[in-house]
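# Reading the structure
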Amino acid sequence: MSRQRLSFWWFVGTLVGALLLMLIPLPRVLDPFKPYWPALVLLYWALESGDQRVTLGLAFVVGVCADMFNGVLLGEQALRLCVLAFIALRFRSRLRFFPMWQQTLAVLALLLNDRFLLLIVRAFAGESTPPTLWWASPFVSALLWPFLFLLLDDLRMRLRLQ
C-alpha cells in the first residue's frame, strides 16, 4: 500500500475512531465528564495536516455523523464543529507553534466556546439550562489534549505519514 493511501486511511480511521469513542456509554455520574472526541481529533488534524485535509465541509460531515450517532438535533454538532474548525484553521499558524501548555489553554478556550454555542442552540430549541457540572467536559477534554496530541503525533511519525 502506498504511503499516500495509508496516510488517507489513517486520517479517516482517526475520525471514525473519534466518532466511535463518542458512542461509548458511561455511567450517569461520569457522563458530564465525557470528552468531546470528534472535536479533539478534528483539532489535531486541523493543526497538524499540512495538506489542508481539514475543511469546513469535512467538519460539517463529521458533525452530521455525530448528530446521527447521538440522536441529537440534526446539525447541532455540525454547526459546533464548523465553528471550531474555522477558528482552528484561522489561527493554525500560531497555534501549531505554541508550547504544549499554551496549546492546551487554547484548546480549552475553543471547547468552552463550543459549550457556549451549544448552550445557545439548546436555548433556541427550548431546553432548560443545564446543571453546573455540564461545564466539566471542556476541562476534561483539555486535560486529555496533550496526551491525545502526543499519541497521534507519535503514531503518525512511526508510520512515517505526512
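This text goes with the structure placed above it.
A brief structural summary. For clarity, every value in this text was computed on a predicted model and none was experimentally measured.

## Notes on the environment of Ile24
Within the secondary structure, Ile24 sits in the loop between helix H1 (3-23) and helix H2 (37-48). You can call Ile24 partly exposed: its relative accessible area is 42%. Separated by 75 residues in the primary sequence, Ile24 and Pro99 have C-alpha atoms spaced 31 Å apart.

## Let's talk about the packing of aromatic side chains
Throughout the structure, instances matching the rule amount to 7 aromatic pairs. Judged by centre distance (5.6 Å) and plane angle (45°), the ring pair of Trp145 and Phe149 falls under tilted. With Trp145 and Phe149 both in helix H7 (residues 136-158) and 4 residues apart, this pair spans about one turn of that helix. Phe149 matches Trp145 in its accessibility class, with the two residues each being buried.

## Observations concerning the packing of helix H3 (residues 56-70) against helix H4 (residues 76-90)
As a packed pair, H3 and H4 sit with axes 7 Å apart at the nearest point and diverge in direction by 150°. The orientation of H3 with respect to H4, classified from their angle, is roughly antiparallel. Judged by the twist between their axes, the crossing of H3 over H4 is right-handed. For the pair H3 and H4, the contacting residues are Leu56, Ala59, Phe60, Val62, Gly63, Val64, Ala66, Asp67 and Asn70 in the first and Glu76, Gln77, Ala78, Leu81, Cys82, Ala85 and Phe86 in the second.

## Some remarks on the layout of surface pockets
In this structure, the largest pocket encloses a volume near 550 Å³. What lines the largest pocket is a set of 18 residues, and nearest its centre among them are Asp31, Lys34, Arg115, Arg122 and Trp134. When contributions to the lining of the largest pocket are tallied by element, the ones reaching two or more residues are H4 and helix H6 (100-124). Of the residues belonging to the lining of the largest pocket, the class tally is 8 nonpolar, 3 polar and 7 charged.

## So, the nonpolar core
The biggest cluster of nonpolar side chains holds 36 residues, and the ones touching the most others in it are Leu15, Leu42, Trp45, Leu81 and Trp145. Of all the secondary structure elements, the ones that give two or more residues to this core are H1, H2, H3, H4, H6 and H7. No other element matches the 10 residues that H2 contributes to this core.

## Section: the pattern of salt bridges
Evaluation of the coordinates by the stated rule reveals 7 salt bridges. Linking Arg80 and Glu76 is a salt bridge whose minimum nitrogen-to-oxygen distance equals 3.8 Å. Within this pair, Arg80 and its partner Glu76 are both found in helix H4, separated by 4 residues, close to a single helical turn. There is no split in this pair, since Arg80 and Glu76 are both buried. Close ionic contact of Arg156 with Asp153 constitutes a salt bridge, the shortest N to O distance being 2.8 Å. Taken as a pair, Arg156 and Asp153 lie in helix H7 at a separation of 3 residues, close to a single helical turn. Each of Glu48, Arg96, Asp153 and Arg156 takes part in salt bridges that share partners, so that together they form one network.

Definitions and limits used
Residues numbered from 1 in each chain as written. Predicted model: local features only at pLDDT ≥ 70, side-chain atom pairs only at ≥ 80, totals over all residues. Heavy atoms only, no water. Helix = DSSP H or I, 4+ residues; strand = E, 2+ residues; numbered from the N terminus. Buried < 20%, exposed > 50% of the residue type's maximum accessible area, 1.4 Å probe, protein only. Phe/Tyr/Trp six-rings, centres within 6.5 Å; stacked < 30°, edge-to-face > 60°. Axes fitted to C-alpha atoms, helices over the stretch in contact; angles between N-to-C directions. Parallel < 35°, antiparallel > 145°, perpendicular 65-115°, else oblique. Left-handed = near helix turned anticlockwise from the far one by under 90°. Contact = heavy atoms within 4.5 Å. 1 Å grid on protein atoms, 1.4 Å probe; cavity = no way out; pocket = protein on both sides within 12 Å on 5 of 7 lines; lining within 4 Å. Points joined across faces, edges and corners; volume = space filled by probe spheres on them. Nonpolar A, V, L, I, M, F, W, Y, C, P; charged D, E, K, R; others polar. Core = buried A, V, L, I, M, F, W, Y, C linked by side-chain atoms within 4.5 Å. Salt bridge = Lys/Arg side-chain N within 4 Å of Asp/Glu carboxyl O.

Honestly, it's all geometry; don't read function into it.
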